[in-house]
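Close look at the chain arrangement
Below, each chain spelled out in residue letters.
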Amino acid sequence: MSELSINTTQNVKINFIAASVGERLGAYFIDAAIKLAYIFLIVWIFFYWLDIDRLMGNLDNWSRGSIIFFLFSPLVIYSILLESIFEGQSFGKKIVKIKVVKIDGYQAGFGDYLIRWFFRIIDFDLFNGIIALVSVASSKKSQRLGDMAAGTAVITLKNKINISHTILEDIGEAYVPTYPLVIKLSDNDMRIIKETYQSALMKNDHEIIYKLVSKIESVTGIKNQSGNNSDFIRVVLKDYNYYTQHM
């Protein structure tokens, strides 16, 4: 597996493991199996059980085509819909434990998933997926053409991690939060904040910690009440965990 380095907005590198060709193929075939099962279900219900062909007998070709397109449209929007809902994962990706991320450290958005979806025509439909296979195998960041165009990559989530490598923080039952506005931040934001902070601590880089505090304040509207930048960041991390666990 190749290592993928993502530069955050604080110019700190975060290392991930890029999903292998095998993992991506596994997710692809699982999604394909789900789509195939959907086709069988629709055909059985509407064409055999309800005999929709007979019901549509008096309709013109345009109306018949519209009904059929509506029935099978979930197959067309399957990947973009699920990746938008599950933040970079389809059912296949969830099972294989891989995920789409932005290579600039931000959470991928609908526009990024849309670009990847458009490029499926080139990556998968032309030459039976050979283009996607070759580009993933040969790219330094294991990207297919859709990833390159969207500025995304697919990473594996199977890394052995402990709580210090996640956004999780140990908080007790009696914990009282200080900054309710932390809910403006996302899981990805908190991951970047925690990893940037830990990296700065290891390097004793107080300038990075100061810039990180300023960024948090400007994005959320929170004001540092502790007077100590490190204490402030630790409280923000704990507060985010508190609010997300009690929402």
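Let me begin by describing the structure that accompanies this report.

Calculation criteria
Residues numbered from 1 in each chain as written. Predicted model: local features only at pLDDT ≥ 70, side-chain atom pairs only at ≥ 80, totals over all residues. Heavy atoms only, no water. Helix = DSSP H or I, 4+ residues; strand = E, 2+ residues; numbered from the N terminus. Buried < 20%, exposed > 50% of the residue type's maximum accessible area, 1.4 Å probe, protein only. Contact = heavy atoms within 4.5 Å. Areas by Shrake-Rupley, 256 points an atom, 1.4 Å probe, with all protein chains shown as cover. Salt bridge = Lys/Arg side-chain N within 4 Å of Asp/Glu carboxyl O. Patch = residues over 30% accessible without salt bridge, like charges linked within 9 Å, V, L, I, M, F, W, Y side chains within 5 Å. Polar contact = N/O pair within 3.5 Å; in protein donor to acceptor, adjacent residues only side chain to side chain. Core = buried A, V, L, I, M, F, W, Y, C linked by side-chain atoms within 4.5 Å. Axes fitted to C-alpha atoms, helices over the stretch in contact; angles between N-to-C directions. Parallel < 35°, antiparallel > 145°, perpendicular 65-115°, else oblique. Left-handed = near helix turned anticlockwise from the far one by under 90°. Expected span 1.5 Å × (residues − 1). Bend = angle between axes of the 7 residues up to and from the residue.

1. Quick look at the overall build of the protein chain
When you go through the protein chain residue by residue, the secondary structure sums to eleven helices and four strands. Residues counted as buried form 38% of the 247 residues belonging to the protein chain. Sequence separation of 24 or more characterises 65% of the internal contacts of the protein chain that already satisfy a separation of 6 or more. Carbon and sulfur atoms provide 63% of the accessible area of the protein chain, an area that totals close to 14,400 Å².

2. So, the pattern of salt bridges
Within this structure, the stated rule accounts for nine salt bridges. As a salt-bridge pair, Lys-211 and Glu-207 come within 3.3 Å of each other at their nearest N and O atoms. Within this pair, Lys-211 and its partner Glu-207 are both found in helix 10 (residues 206-220), separated by four residues, close to a single helical turn. Residue class for Lys-211 comes out partly exposed when judged on its relative accessible area of 46%. One network of salt bridges, in which partners are shared, links Arg-24, Glu-83, Lys-93, Arg-116 and Asp-147.

3. Describing a nonpolar patch on the surface
Taken together, the side chains of Leu-25, Tyr-28, Phe-29, Ile-121, Ile-122, Leu-126, Phe-127, Ile-130, Leu-133 and Val-134 define a hydrophobic patch exposed on the protein surface, amounting to about 930 Å² of accessible area. Put simply, the parts of the chain that give the nonpolar patch at least two residues each are helix 1 (21-49), helix 6 (120-125) and helix 7 (130-138). Mapping Phe-29 onto the fold places it in helix 1.

4. A look at the side chain of Thr-220
Inspection of the secondary structure puts Thr-220 in helix 10. Among the polar contacts listed, one links the side chain of Thr-220 to the backbone oxygen of Ile-216, at a separation of 2.6 Å. From its side chain, Thr-220 meets the backbone nitrogen of Ile-222 in a polar contact 3.1 Å long.

5. Brief notes about the nonpolar core
Core analysis: the largest hydrophobic core is formed by 21 residues, its most contacted members being Val-182, Met-190, Ile-193, Ile-216, Phe-232, Ile-233 and Val-236. Those elements that place two or more of their residues in this core are helix 9 (187-203), helix 10 and helix 11 (229-245). The leading source of residues in this core is helix 11, at seven residues. Sequence-distant contacts of Ile-193, that is, excluding residues within four places in its chain, are made with Leu-185, Leu-212, Ile-216, Ile-233 and Leu-237. Counting residues in each nonpolar core, the second largest holds nine residues, with Ala-19, Ile-80, Val-96 and Val-100 among its members.

6. As for the packing of helix 1 against helix 7
Axis separation between helix 1 and helix 7 bottoms out at 10 Å; the angle between their running directions is 150°. Taken together, the axes of helix 1 and helix 7 are roughly antiparallel relative to one another. Crossing of helix 1 over helix 7 shows right-handed handedness. Taking contact as the criterion, the partners of Val-21, Arg-24 and Leu-25 in helix 1 are, on helix 7, Leu-133, Val-136 and Ala-137.

7. A look at the environment of Leu-133
You can see Leu-133 is positioned in helix 7. Judged by its relative accessible area of 36%, Leu-133 is partly exposed. With eleven residues separating them in the primary sequence, Leu-133 and Arg-144 have C-alpha atoms 7.5 Å apart. Beyond its immediate sequence surroundings of up to four residues, Leu-133 is in contact with Val-21 and Leu-25.

8. Structural notes on helix 3 (residues 61-85)
Between the first and last C-alpha of helix 3 there are 34 Å, a value that for 25 residues agrees with the 36 Å anticipated at 1.5 Å per step. Roughly 65° is the biggest bend found in helix 3, and it falls at Ile-77. Along helix 3, the residues classified as buried are Leu-71, Phe-72, Ser-73, Tyr-78, Ser-79, Ile-80, Leu-82 and Glu-83. Just downstream of helix 3 lies Glu-87, where phi reads positive at about 55°.

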